[in-house]
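Summary of structural features
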Amino acid sequence: MTNHPQLTESGIRAWTDPGSFGRGQGYYRASHIITPRRQERILKACCIGSRPEPYYVEVTLAQRGIASGDCSCPVGAAGHCKHAVALLLTWLHDPDAFTTVEDMETPLKRRSKAELLVIVRRMLDRYPDLEQVLELPIVTAAEDAPPVDADFIRRQADRAFAGTSYDDWEAAYDVAQRLLELVRIGDDYAEIERWEDAATIYRIVMEETLEGYGMVHDEGGTLHEVVHRCVVGLETCLSVTEDSSRRQVLLEALFDVIRWDLDFGGIDMGYRAPGVILEQATPEEKRQVARWVRDALSGESSWSRERYGGFLLRLEEAWMDDEAFLQICRQTGRREDLIERLLALGRVDEAAAAAREARDCVLIRLADLFVAQGHDQLAESLIRERMAAGFDTRLVEWLKEWALERGDREEALTLTEKLFWRGPGLRGYQELRTLARPMERWDDLRAAILSRLAEEERDRLLIEIYLEEGEVDRALKTLKEMRETSRWRWRSDRLSVDVARAAEAERPREAIRLYGEAVNELIARRGRENYAVAATYLSRVRDLCWRLDEESTWEDYITQLRDSNPRLRALKDELHKAGLIS
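As the structure is a prediction and not an experimental result, all values here were calculated from the model.

1. Section: the overall build of the protein
- Summing up its helical and strand segments, the protein has 30 helices and five strands in all.
- Radius of gyration (C-alpha) of the protein: 34 Å, far over the 25 Å computed for a compact globule of 582 residues.
- By its C-alpha atoms, the protein is 90 × 80 × 45 Å across when sized along the principal axes.
- At a minimum sequence separation of 6, the contacts of the protein that also span at least 24 residues come to 56%.
- Per element, the accessible surface of the protein, about 31700 Å² overall, is 47% carbon and sulfur.
- Where the 83 positive side-chain charges of the protein centre and where its 108 negative ones centre are 5 Å apart.

2. Brief notes about a negative patch on the surface
- Together, Asp549, Glu551, Glu555 and Asp556 line one region of the surface with negative charge.
- Among the residues examined, Glu551 registers a relative accessible area of 47% and is labelled partly exposed.

3. Observations regarding the packing of helix 20 (residues 393-405) against helix 21 (residues 409-422)
- Where helix 20 contacts helix 21, the axes come no closer than 8 Å and their chain directions differ by 155°. Here helix 20 lies roughly antiparallel to helix 21, going by the angle between them. Note on packing geometry: the crossing formed by helix 20 with helix 21 is left-handed. Where helix 20 approaches helix 21, its residues Thr393, Val396, Glu397, Leu399, Lys400, Ala403 and Leu404 are matched on the opposing element by Glu411, Ala412, Leu415, Thr416, Leu419 and Arg422.
- By residue class, the composition of the contact of helix 20 with helix 21 is seven nonpolar, two polar and four charged.

4. Details of the sheet that holds strand 1 (residues 33-39)
- Pairing is mixed in the open sheet, where five strands are placed in the order 4-3-2-1-5. Pairing within the sheet leaves two strands with one partner each, and these edge strands are strand 4 (66-71) and strand 5 (99-100).
- Where strand 2 (residues 42-47) lies against strand 3 (residues 55-61), six bridges are found, and the strand directions are antiparallel. Across the sheet, the residue bridging to Ile42 is Thr60, located in strand 3.

5. Re the packing of aromatic side chains
- Inspection of the entire model under this criterion finds ten aromatic pairs.
- Plain terms: the ring middles of Phe420 and Trp421 are 4.9 Å apart, the flat faces sit at 80° to each other, and that makes the pair edge-to-face.
- Ring centres 6.2 Å apart and planes at 25° place the aromatic pair Trp554 and Tyr557 in the stacked group. Of this pair, Trp554 and Tyr557 both sit in helix 29 (residues 551-564), separated by three residues, roughly a single helical turn.
- An aromatic cluster of at least three residues, connected via ring pairs, comprises Tyr213, Trp260 and Phe264.
- The ring of Trp319 carries Arg287 above its face, with NZ or CZ at 4.0 Å from the centroid.
- Above the ring of Trp421, the side-chain terminus of Arg452 is found at 3.8 Å from the ring centroid.

6. Some words on the pairing of strand 1
- Note that strand 1 and strand 2 share five bridges and pair antiparallel. Residue pairing in the sheet places Ile34 in a bridge with Cys46 of strand 2.
- Following strand 1, the chain reverses through two residues before pairing antiparallel with strand 2; Glu40 in that reversal takes a positive phi of roughly 60°.
- With two bridges connecting them, strand 1 and strand 5 associate as parallel partners. For Arg38, the partnering residue across the bridge sits in strand 5 and is Thr100.

7. Details of the environment of Glu40
- Relative to the helices and strands, Glu40 resides in the loop between strand 1 and strand 2.
- Among the residues examined, Glu40 registers a relative accessible area of 54% and is labelled exposed.
- Sequence spacing of Glu40 and Leu61 is 21 residues, and the spatial spacing of their C-alpha atoms is 9.1 Å.

8. Here's the deal with unusual backbone geometry
- Phi at Glu440 is positive, roughly 55°, even though this residue is not glycine.
- Structurally, Glu440 is set in the loop between helix 22 (426-436) and helix 23 (442-455).
- On the basis of relative accessibility, which here comes to 76%, the residue Glu440 falls in the exposed class.

9. Thoughts on helix 7 (residues 150-159)
- Turning to helix 7, its buried residues are Phe152, Ile153, Gln156 and Ala157. Across the axial projection of helix 7, the buried residues extend over an arc of 135°, all falling on one side.
- Between a side-chain oxygen at the N-terminus of helix 7 and the backbone nitrogen of Asp151 the separation is 3.1 Å; the capping residue is Asp149.

10. So, the pattern of salt bridges
- All chains considered together, the criterion is met by 45 salt bridges.
- Residues Glu196 and Arg246 are paired through a salt bridge, measuring 2.8 Å at the closest nitrogen-oxygen approach. Of this pair, Glu196 sits in helix 9 (residues 195-212) while Arg246 sits in helix 11 (residues 244-264), and the two are 50 residues apart along the sequence.

11. Overview of helix 8 (residues 171-191)
- Taking 1.5 Å per residue, 21 residues should reach 30 Å; helix 8 reaches 30 Å between its end C-alpha atoms and fits that length.
- Remark: Glu193 follows helix 8 within two positions and exhibits a positive phi of approximately 65°.

12. Concerning the environment of Leu254
- Its place among the elements puts Leu254 in helix 11.
- Once you skip the residues sitting within four places of it in the chain, Leu254 turns out to touch Val231, Leu234, Leu238, Ala273, Val276 and Ile277.

13. Points about the packing of helix 27 (residues 508-525) against helix 28 (residues 528-547)
- As a packed pair, helix 27 and helix 28 sit with axes 9 Å apart at the nearest point and diverge in direction by 160°. With respect to their mutual orientation, helix 27 and helix 28 come out roughly antiparallel. Along this stretch, helix 27 crosses helix 28, giving a crossing that reads as left-handed. On helix 28, the residues touching Pro508, Ala511, Ile512, Tyr515, Ala518, Val519, Leu522, Ile523 and Arg525 of helix 27 are Asn530, Tyr531, Val533, Ala534, Tyr537, Leu538, Arg540, Val541, Leu544, Cys545 and Arg547.
- Looking at the contact of helix 27 with helix 28, its residues break down into 16 nonpolar, one polar and three charged.

Each value, and the rule that gives it
Residues numbered from 1 in each chain as written. Predicted model: local features only at pLDDT ≥ 70, side-chain atom pairs only at ≥ 80, totals over all residues. Heavy atoms only, no water. Helix = DSSP H or I, 4+ residues; strand = E, 2+ residues; numbered from the N terminus. Rg over C-alpha atoms; globule rule 2.2 N^0.38 Å. Contact = heavy atoms within 4.5 Å. Areas by Shrake-Rupley, 256 points an atom, 1.4 Å probe, with all protein chains shown as cover. Lys, Arg positive; Asp, Glu negative; His and termini not counted. Charge placed at Lys NZ, Arg CZ, Asp CG, Glu CD. Patch = residues over 30% accessible without salt bridge, like charges linked within 9 Å, V, L, I, M, F, W, Y side chains within 5 Å. Salt bridge = Lys/Arg side-chain N within 4 Å of Asp/Glu carboxyl O. Buried < 20%, exposed > 50% of the residue type's maximum accessible area, 1.4 Å probe, protein only. Axes fitted to C-alpha atoms, helices over the stretch in contact; angles between N-to-C directions. Parallel < 35°, antiparallel > 145°, perpendicular 65-115°, else oblique. Left-handed = near helix turned anticlockwise from the far one by under 90°. Nonpolar A, V, L, I, M, F, W, Y, C, P; charged D, E, K, R; others polar. Pairing = 2+ DSSP bridges. Phe/Tyr/Trp six-rings, centres within 6.5 Å; stacked < 30°, edge-to-face > 60°. Lys NZ or Arg CZ within 6 Å of the ring centre and 35° of its normal. Arc of directions from axis to C-beta. Polar contact = N/O pair within 3.5 Å; in protein donor to acceptor, adjacent residues only side chain to side chain. Expected span 1.5 Å × (residues − 1).

Read these as layout, nothing more, since geometry by itself doesn't imply function.
Take a look at the structure:
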């Protein structure tokens, strides 16, 4: 390749995320890339990482930029990891370090059978696990491919979990890679239209993955991907299979993943399975699946019953009458579906009775159903009835929004004030102001709010309000009073800094004092991160001293600070980085 693909550091940054780029840059600078090789537009290398064994990383370049990447690390399946970044930066800055190699097939084709056997033996000596690969079927043409041995596939899938530990957070990735090798063999059988063999592999791999799921920590979702690939494979097999007995086996496998997911708590394992059944099952097959659903309902939790109920409604919607629909809704707790159908049938009293039995959070959604069907007053009545039994902010929020929608600003203001005092905050204060000003009620309401906040010693909120409204002197006064009482805590230093920033324009000396207090607290806590923050505040102090034409004051201040902390090397490093000391 005489013309190298055009690659830039900004292009690498854009291709990955900031965290991976920064860590990859560190790996590059630490020379973690070893044995870099170039094969046409493909860059290959090993990268020293957190494991004892280096990761294998590969990136394919486009004429401009990066085409794709892959890495053996747990997060590198898409190739955008820190190891790939280190490889790309090595290529960008040191292309001469790469050895040019031929593509894999060219040198292998030149070898004799005896030489290939020696190569295979050497590979097995270095990586004994590869011996399993020799046992896997090789699929080339339909007439040559051996029939699938279901027991063998099951043993291979089970072996993928051997020796794993839930405490090993990277084990799931290794397990998934072994299982995906089997899935790809299923894909090979599907490619030559050996559908039954392909389906056998997909079904067994999915079963074994679900069986072993709890043995590893799958935070990255790699085993989800295995099951998803199996579901997609079964979907293809089902679409071309006409034999009824074989179709039933496929449908059972798809239903098993649905049942497993609900039993596990609903983690979207095999999330496509319900849709595949609904799209591809015949009416008679849907009746059969519906019977499986009814059998599964026995003894299930209310949460699972509700989800089974939703699936059942879709399975039987083509032949189900209204009463059957309502019965399933009642049996499975599908309250929203129940009320929506009752309202559509004009059975409003029954719908209202069902809504009264719902929890608060559900009642809010149900009220919207009543409004959508033109039963506004009934919706409001249901919410007010529930509020009489106890205060729930969600119910008050609904009434407030409803009052605004119908233009009742007086009611909306009353409800907003109730919500504010349940959890006073700046946003609620701002909302009250927005509502009260057009009604010429704000001045009196504001005075009452500030007075009550002061009585309840809500100093932080008072200061936030004063700062938001530009009353710097009142913020300074309240902060001073707060710091003189037991209500002050060191975690409040951020509040002092907010006040200091606001005071810079009109009260620069007060700002300097507050920044200084925050700096002292940060230094007392120790730690490089605290020192770095302290340095940013000191930069503000310096700028303010210069603005006041008091450079000598600044020099005295920084000298005193340095002299009073002679052993804090990390502090001096941060001050030096910020240009505050030489």
